[in-house]
Amino acid sequence: MSDDPLPLLLLPGLLCDDALWAHQLRHLGAGRAVEVADLRHDDTFPAMAARVLAAAPARFAVAAHSMGGYLAFELMRQAPERIARLALLGTGARPDTEEQRLRRRLLVDLARRGRFRGVTPRLLPLFVHPDRVNEEALAATVMTMAERLGAATFLRQQHAIMQRPDSRGLLPAIAAPTLVVCGREDAATPLALSEEIAAGIPGARLAVIEECGHLAPLERPQAVTVLLRLWLEGALP
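Remember, it's a predicted structure, so these values are computed and weren't measured experimentally. (Residues numbered from 1 in each chain as written. Predicted model: local features only at pLDDT ≥ 70, side-chain atom pairs only at ≥ 80, totals over all residues. Heavy atoms only, no water.)

Draft legend 1. Fine view of the sheet that holds strand β6 (residues 205-209). A sheet is described by the order of its strands in space; here six strands give the open sequence β2-β1-β3-β4-β5-β6, paired in parallel fashion. Of all strands in the sheet, those with a lone pairing partner are β2 (34-36) and β6, marking the two edges. Averaged over all neighbouring strand pairs, the angle between strand axes comes to 15 degrees, with direction disregarded. Relative to β2, strand β1 (residues 8-11) runs parallel, the two being bridged by three bridges. (Pairing = 2+ DSSP bridges. Helix = DSSP H or I, 4+ residues; strand = E, 2+ residues; numbered from the N terminus. Axes fitted to C-alpha atoms, helices over the stretch in contact; angles between N-to-C directions.)

Here it is in structure tokens:
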């Protein structure tokens with residue numbers, strides 16, 4: 001049996017890429033294979049999951065943020081035996097409400113009409129803690145990621161998100177040791193959604209990060225990295 005540390009696969013959220021996980025890549029990658037999945041190319045979660053699984057190690061840990069959490073549930077449907085540990089950050093198991101679908105359709109319409117640059121400023125107050133909306137470095141990181149991924153990726157990802165199934169019925173079958181993380185002030189996926197996931201997965205541990213919005217890996221990178229390290233080492237009580 002190999003003594004090599006378990007490989008870690010990081011799944012970013014909507015319009016996010018490696019930059020979301022910059023701190024975790026720097027501090028969790030010593031002696032451990034850490035990769036960020038490229039989620040630009042598919043417009044359904046089954047297709048995304050098939051692409052991810054084709055490139056992933058035989059067995060690995062998954063840490064997933066927001067939209068990445070929706071994908072993580074699909075990975076658990078397709079290949080639960082390959083996922084040794086699961087961390088879900090700022091995500092939910094429920095499908096969209098009608099209000100959420102309407103908001104997504106409005107943003108999709110903006111992007112299709114060539115007004116993609118208007119999308120991220122509209123989303124920023126939903127994504128970060130209210131005290132940090134005007135923090136230039138944080139806002140620049142979020143907007144640069146969005147521009148890098150572009151309108152076509154935005155449309156594909158939103159299509160996948162709007163088509164996702166209800167994953168609440170899957171929760172009791174998840175056997176991988178699971179960490180659920182949420183920012184206390186997450187406006188995009190409120191704490192109650194993380195509490196629901198943690199209550200539904202046997203043995204799951206819930207960690208709440210104070211003074212933090214939706215983008216915990218960027219807003220509170222040190223806290224997220226510490227939590228993920230403890231989770232990877234099996235050290236969380």
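Draft legend 2. Representation of the packing of aromatic side chains within the structure. Counting across every chain of the model gives two aromatic pairs. For the ring pair Phe116 and Phe154, a centre distance of 5.7 Å and an interplane angle of 55 degrees mean the geometry is tilted. Separated by 38 residues along the polypeptide, Phe116 in the loop between α4 (98-112) and α5 (119-127) and Phe154 in helix α6 (residues 136-163) bring together distant segments of the chain. Taking relative accessible area as the criterion, Phe154 reaches 0% and is therefore assigned buried. Sitting over the face of the ring of Tyr70, Arg164 holds its NZ or CZ atom 4.0 Å from the ring centroid. (Phe/Tyr/Trp six-rings, centres within 6.5 Å; stacked < 30°, edge-to-face > 60°. Buried < 20%, exposed > 50% of the residue type's maximum accessible area, 1.4 Å probe, protein only. Lys NZ or Arg CZ within 6 Å of the ring centre and 35° of its normal.)

Draft legend 3. Fine view of the environment of Glu210. Mapped onto the elements, Glu210 comes out in the loop between β6 and α8 (216-219). Separated by 49 residues in sequence, Glu210 and Ile161 place their C-alpha atoms 27 Å apart. With sequence-adjacent residues up to four places away left out, Glu210 is seen in contact with Arg184, Glu185 and Arg220. Side-chain polar atoms of Glu210 contact the side chain of Arg184, separated by 2.7 Å. (Contact = heavy atoms within 4.5 Å. Polar contact = N/O pair within 3.5 Å; in protein donor to acceptor, adjacent residues only side chain to side chain.)

Draft legend 4. Main features of the packing of α4 against α6. Viewed as axis vectors pointing N to C, α4 and α6 meet at an angle of 160 degrees, and their least axial separation amounts to 10 Å. Our classification of the angle between α4 and α6 gives roughly antiparallel. Every pair of crossing elements has a handedness; the one defined by α4 and α6 is left-handed. Contacts from Arg101, Arg104, Arg105, Leu107, Val108, Ala111 and Arg112 in α4 reach Phe154, Leu155, Gln158, Ile161 and Met162 in α6. A per-class count over the contact of α4 with α6 returns seven nonpolar, one polar and four charged. (Parallel < 35°, antiparallel > 145°, perpendicular 65-115°, else oblique. Left-handed = near helix turned anticlockwise from the far one by under 90°. Nonpolar A, V, L, I, M, F, W, Y, C, P; charged D, E, K, R; others polar.)

Draft legend 5. Looking closely at empty space enclosed by the protein. Counting across every chain of the model gives two cavities of 30 Å³ or more. Approximately 60 Å³ is the volume found for the largest cavity. Lining the largest cavity, in full, are Phe45, Tyr70, Phe73, Glu74, Arg77, Gly92, Ala93, Arg164, Pro165 and Ser167. In terms of residue count, the dominant contributor to the lining of the largest cavity is helix α3 (residues 67-78) (four residues). Considering only enclosed or pocket space, the second largest cavity measures out at about 50 Å³ in volume. Looking at the second largest cavity, the residues that line it are Leu14, Leu15, Cys16, Thr120, Leu123, Phe127, Val142, Met145 and Ala146. Elements that contribute at least two residues to the lining of the second largest cavity include exactly α5 and α6. Residues that form the lining of the second largest cavity fall into these classes: eight nonpolar, one polar and no charged. (1 Å grid on protein atoms, 1.4 Å probe; cavity = no way out; pocket = protein on both sides within 12 Å on 5 of 7 lines; lining within 4 Å. Points joined across faces, edges and corners; volume = space filled by probe spheres on them.)

Draft legend 6. Representation of the nonpolar core. One finds Leu8, Leu11, Val62, Leu228 and Trp231 to be the most contacted residues of the largest nonpolar core, which totals 79 residues. Looking at this core element by element, the count peaks at nine residues for α6. (Core = buried A, V, L, I, M, F, W, Y, C linked by side-chain atoms within 4.5 Å.)

Draft legend 7. Structural detail: the pattern of salt bridges. Scanning all chains against the criterion turns up 13 salt bridges. Among the salt bridges present, the one from Arg101 reaches Glu98, with a minimum N-O distance of 2.8 Å. Taken together, the positions of Arg101 and Glu98, both in helix α4 and three residues apart, correspond to about one turn of that helix. With a shortest N-O distance of 2.5 Å, Arg168 and Asp166 are connected by a salt bridge. We classify Asp166 as partly exposed; its relative accessible area is 35%. Here the residues in one salt-bridge network are Asp96, Arg104 and Arg164, joined through shared partners. (Salt bridge = Lys/Arg side-chain N within 4 Å of Asp/Glu carboxyl O.)

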